Structures are given as structure tokens and as C-alpha cells.
Amino acid sequence: MLDTVLLVAGCVNLAFMAAWLTIGVLENLFHPFLNETYTAQVMDMERMREEYPEAYEHVAYRRVTNRKIRRRLFSFIVGWEMLAVAGLWLGVGALAGAASGLVVISTGLSLGLIGAMMFCATWAGFLIAGNYFCYWFGHEGGQNTHFQMLLWGLANCVGLIALAIYFA
């Protein structure tokens, strides 16, 4: 029974992340202006330019002002998020299959770990790009969310790796 409970716990934890990111993807698909506006502000370095002009002078060359480029980058982000959501739900299904004995446990854990890594890559990508655009100047809330999501993903990765060790 313990083996099944452990696999179900891993599956449920992964499903929470999949559900969270699914809502984000749906928002980006059906209400893109919400995040697209924020993303454009970060790439334009708008808040930094207004609130920290002395610091902005040193990194102003990093700005992306071309609306077409910003929209393409936003579309790339949404596309990546869709892939990550697909990876997460595939992992959830594989772990559910492993818990019910329909999927080999190592396959379920592997696919779950791939989905969790895709989730982590999403937030690490935002942190790296945000760092380039100095988004800690005026977008601290976004940066904090990205850190928390990365930590959530890493915790799930560690949990799935621990399960892999347990079942090895």
C-alpha cells in the first residue's frame, strides 16, 4: 500500500503544478493583454526608466522597444508554457498509471520529472530574462512569484528523484 500512496502523492503534487500553469496558459490565450502588457513593461524597462533613471542609464541599451519583437517573444513564451503544461499533464497521467500498475514505475517517474523540469525551466527562464532587463527595479512582485514557482518546481523534482531512489 505504501508504494501506491507514494506514487499517488507524487502524482497529486505534479497535478497541482499542472493545474496552476494550465490556468496561466488559458489566461495568456484568452486574455493575453494581462501578461503581455506586463511583459512589454519589463522588456521596455519602463518602471526602471521612470523610477531609477540613474541606474537605467547604464543598462538602457538592453531595452526592447519594437512591438513586433515583444509580441513574438510573448508568443514564444506562451508556446513554451503550452509545452510545459502538456509535459506536466503527461507526467500526471504516467504517474497515475504507475500508481495503478498500468505504467512501469520508472517510466511514470521519468515523465513526471520531465514535466517538473519543464515547469522549472519556465520560471528559471523568467528569472534569467528578468535579470537581464533588471526587473527587480519596479517589478519585485513578479520576481518574487518567479522565485516561488521555481522553488515549488524544484521541490517536486526532489520529491520525484527521492521516489526514484526509493523504487530503484
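(A) Structural context of the pattern of salt bridges. Scanning the entire structure with this criterion turns up 3 salt bridges. Among the ionic pairs, Glu36 bridges to Arg71, the shortest N-O distance being 3.0 Å. With Glu36 in helix H2 (residues 32-44) and Arg71 in helix H5 (residues 67-99), the pair connects residues that are 35 residues apart, well separated along the chain. On the basis of relative accessible area, Arg71 is assigned to the partly exposed category, the value being 40%. Note that Asp44 is salt-bridged to Arg63, the shortest N-O span being 2.7 Å. Remark: Arg63 occurs in the loop between helix H4 (53-59) and H5 and Asp44 occurs in helix H2; sequence separation between them is 19 residues. Judged by relative accessible area, which is 11%, Asp44 ranks as buried.

(B) Region of the structure containing H2. Taking 1.5 Å per residue, 13 residues should reach 18 Å; H2 reaches 17 Å between its end C-alpha atoms and fits that length. Among the residues making up H2, those that are buried are Glu36, Thr39, Ala40, Gln41, Val42, Met43 and Asp44. Looking at the buried positions of H2, the neighbouring elements they touch are helix H3 (46-51) and H5. Looking at the residues trailing H2, positive phi occurs at Met45, about 60 degrees.

(C) Focus on the side chain of Asn156. Its place among the elements puts Asn156 in helix H7 (residues 140-167). Asn156 sits in the buried class, given a relative accessible area of 8%. Among residues more than four places away in sequence, those in contact with Asn156 are Asn13, Leu14 and Met17.

(D) Main features of the environment of Pro32. As for its placement among the helices and strands, Pro32 is situated in helix H2. For the pair Pro32 and Val59, spaced 27 residues apart in sequence, the C-alpha to C-alpha distance is 28 Å. With near-sequence residues (within four places) excluded, Pro32 lies in contact with Glu27 and Phe74.

(E) How the structure looks around the packing of aromatic side chains. In this structure the tally under the stated criterion is 9 aromatic pairs. For the ring pair Tyr132 and Phe133, a centre distance of 5.1 Å and an interplane angle of 85 degrees mean the geometry is edge-to-face. Judged by its relative accessible area of 41%, Tyr132 is partly exposed. Classification of Phe133 as buried rests on a relative accessible area of 10%. For the pair Trp136 and Phe137, a centre-to-centre distance of 5.4 Å together with 40 degrees between the ring planes defines the contact as tilted. Accessibility expressed as a relative area gives 18% for Phe137, which makes it buried. Site record: aromatic cluster; members linked through ring pairs are Trp20, Phe119, Trp123, Phe126 and Trp152. Between the NZ or CZ atom of Arg62 and the centre of the ring of Tyr132, over which it lies, the distance is 5.1 Å.

Thresholds applied
- Residues numbered from 1 in each chain as written.
- Predicted model: local features only at pLDDT ≥ 70, side-chain atom pairs only at ≥ 80, totals over all residues.
- Heavy atoms only, no water.
- Salt bridge = Lys/Arg side-chain N within 4 Å of Asp/Glu carboxyl O.
- Helix = DSSP H or I, 4+ residues; strand = E, 2+ residues; numbered from the N terminus.
- Buried < 20%, exposed > 50% of the residue type's maximum accessible area, 1.4 Å probe, protein only.
- Expected span 1.5 Å × (residues − 1).
- Contact = heavy atoms within 4.5 Å.
- Phe/Tyr/Trp six-rings, centres within 6.5 Å; stacked < 30°, edge-to-face > 60°.
- Lys NZ or Arg CZ within 6 Å of the ring centre and 35° of its normal.

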